[in-house]
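An overview of the molecular structure
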Amino acid sequence: MRVFSIILALRRRLWSWIATGAARESAIIGRRTTFGTGAEIFNIHGDRSRVSIGADGRLDGHLQVFAHEGRIEIGDWFYLGAGSTVWSSDPKGIKIGNRVLVSSNVAIHDTNSHPMDAKKRFSQTEAIWRTGHPRSDPGIRSAPVTIGDDVWIGMGAIIMKGVTIGDRSIISAGTIVRSDVPADSLVRADLTNDVMRLAAAH
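Residues numbered from 1 in each chain as written. Predicted model: local features only at pLDDT ≥ 70, side-chain atom pairs only at ≥ 80, totals over all residues. Heavy atoms only, no water.

Quick look at the packing of aromatic side chains now. One pair of aromatic rings is described through two measures. These are the centre distance and the angle between the planes. A full pass over the atoms with the stated rule returns one aromatic pair. Consider the rings of F66 and W87, whose centres lie 6.4 Å apart with planes at 65°: the pair is edge-to-face. Of this pair, F66 sits in the loop between strand 6 (62–65) and strand 7 (72–74) while W87 sits in strand 9 (residues 85–88), placing them 21 residues apart in sequence. Classification of F66 by relative accessible area gives buried; the value is 3%. (Phe/Tyr/Trp six-rings, centres within 6.5 Å; stacked < 30°, edge-to-face > 60°. Helix = DSSP H or I, 4+ residues; strand = E, 2+ residues; numbered from the N terminus. Buried < 20%, exposed > 50% of the residue type's maximum accessible area, 1.4 Å probe, protein only.)

Have a look at this one:
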C-alpha cells in the first residue's frame, strides 16, 4: 500500500510542476508560487503582464482574463482553493492584496461575462464557439474589484463586480457580496447579509 501512496504523491508533484510551468507562460509569477493539478490561467488576451501573482502563493483554482480587456493583480502569500474562479474583463481589473485566503468554489468576477442584450449575447456566444473570444468589447458590463490585505473568503462565496473589501475582513461561506465591505468586518451569509465589525463578532 505504501508504494501506491508514493506513486500518487509523485504524480501530484509532477502535475503541479507542469501546471506551474504552464502558468508562467501566461502570467508574471513570483518566486515559490505554485499551481496545483487543477489550477489554470486562461489568459485569452495573451499579454503576460495582464496577470501578475506575487511570491509564495498556492493556487488550485482558475484565473481568466478576457480577450478584449481585463487585468488580475495578486499580492504575496495568496491561496486560491479548488473550484474557485477569478475572472476579469474590466480595464482596471481585479486587485487582491497580500495574505489573502480564498476557499474552494468561490467566484470573484469583475464582469457579467456576457452582454445583457439577448442579440449581442448570442452573437458573442456564437463567436466564442466558432472563432474564439471576441477581441473587441461585445457589450459586457464590468467594474473593478479590490480585495485588501489579510482577507479571508469562505467556501462558495461570490464577489460581484464593483466591490471593494477592506483589509482583514472575513466573508463567510455562501455569501454573495454586492456592495463594499469596510475593513475589519465580518459578512454573514444569512438572509440579511449583515456586516459586523470583527471586534463585535468575538
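The sheet built from six strands is open, its strands ordered 3-6-9-12-15-18 with parallel pairing. Taken across any chain shown, the strands that pair with only one partner, and hence form the sheet edges, are strand 3 (40–43) and strand 18 (176–177). Where strand 3 and strand 6 come together, four bridges link them in parallel fashion. The residue bridging F42 from the neighbouring strand is Q64, located in strand 6. (Pairing = 2+ DSSP bridges.)

Next up on the list: the sheet that holds strand 16 (residues 164–165). With respect to topology, six strands assemble into an open sheet ordered 1-4-7-10-13-16, the strand pairing being parallel. What marks the edges here is a single partner per strand, and that holds for strand 1 (28–29) and strand 16. As judged from the three bridges shared by strand 10 (residues 94–96) and strand 13 (residues 145–147), these two strands associate in the parallel manner. In the strand pairing of strand 13, I94 is matched with V145.

Everything listed is a geometric property; what it means functionally is a separate question.
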